[in-house]
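Survey of secondary and tertiary structure
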Amino acid sequence: DTAVSQTPKYLVTQMGNDKSIKCEQNLGHDTMYWYKQDSKKFLKIMFSYNNKELIINETVPNRFSPKSPDKAHLNLHINSLELGDSAVYFCASSQVASGVLAWQFFGPGTRLTVL
Amino acid sequence: DAKTTQPTSMDCAEGRAANLPCNHSTISGNEYVYWYRQIHSQGPQYIIHGLKNNETNEMASLIITEDRKSSTLILPHATLRDTAVYYCIVSNAGNNRKLIWGLGTSLAVNP
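Described below are features of the structure shown in this document.

Parameters at a glance
- Residues numbered from 1 in each chain as written.
- Chains lettered and ligands numbered in written order.
- Predicted model: local features only at pLDDT ≥ 70, side-chain atom pairs only at ≥ 80, totals over all residues.
- Heavy atoms only, no water.
- Helix = DSSP H or I, 4+ residues; strand = E, 2+ residues; numbered from the N terminus.
- Rg over C-alpha atoms; globule rule 2.2 N^0.38 Å.
- Buried < 20%, exposed > 50% of the residue type's maximum accessible area, 1.4 Å probe, protein only.
- Contact = heavy atoms within 4.5 Å.
- Areas by Shrake-Rupley, 256 points an atom, 1.4 Å probe, with all protein chains shown as cover.
- Lys, Arg positive; Asp, Glu negative; His and termini not counted.
- Charge placed at Lys NZ, Arg CZ, Asp CG, Glu CD.
- Salt bridge = Lys/Arg side-chain N within 4 Å of Asp/Glu carboxyl O.

Brief notes about the overall build of chain B
When its secondary structure is counted, chain B shows zero helices and nine strands. A globule of 111 residues ought to have a C-alpha radius of gyration of about 13 Å, and chain B, at 13 Å, matches this closely. Considered along the principal axes of its C-alpha atoms, chain B spans approximately 40 × 30 × 25 Å. Counting only residues that meet the buried cut, chain B has 45% of its 111 residues in that class. Sequence-distant contacts, at least 24 apart, represent 58% of the contacts inside chain B between residues at least 6 apart. In the structure as shown, chain B presents an accessible area of about 5,500 Å², 48% of it carried by carbon and sulfur atoms. Between the centroid of the 9 positive side chains of chain B and the centroid of its 9 negative side chains there is a distance of 6 Å.

Topic: the pattern of salt bridges
All names here are of chain A. Per the stated rule, a full pass over the model turns up three salt bridges over all chains. One salt bridge connects Glu82 with Arg63, and the closest N-O pair in it is separated by 3.5 Å. In this pair, Glu82 is assigned in the loop between β8 (73-78) and β9 (87-94) and Arg63 in the loop between β6 (53-57) and β7 (64-70), connecting sequence segments 19 residues apart. We classify Arg63 as buried; its relative accessible area is 12%.

See the structure below:
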């Protein structure tokens, strides 16, 4: 059983298009994240949701909009795609137990290429 | 969150122990040390974490110095499948669920 799944795995699109990436976790975790890993391999947090509430919103263009329909899903919608959006996007989830942040489980990533 | 410093790359012979160092001299008293690794083209994978005491699980051991300013991840018998980038991260374990990732150490396990 896949713990954190993302679709699609690969996404190739033209500049200016709007696209969505979906993420689902079946671990029962209360917190989900979106990360961006650029060509230099830096992994940067973009957003985090806890029980459908946005708790981390890093300096990300407002063309990026996360949506959490329930605590098992966190989707990422990107409007007006730009060349610089090309990267690998990872979804992750975690659970806080006894006030301690547990480790994060990551999905396999979505490689976005903007032409 | 405190920053970490890791060597850019390391080599290890298959079957030998791999010792990956990490400096976190500005770590705060309530910050944990987390280790993750990323095998090429895959999502990062959690390895181990600790606060003060040394920790061991089925994957690795974590040795944290008494002053908590540095730590070492030990893979006791490295295999070719352990070739990956290893990230050392320190993070507040409270409501701030944010991990700050550096570039990690690229470990090559050689036959």
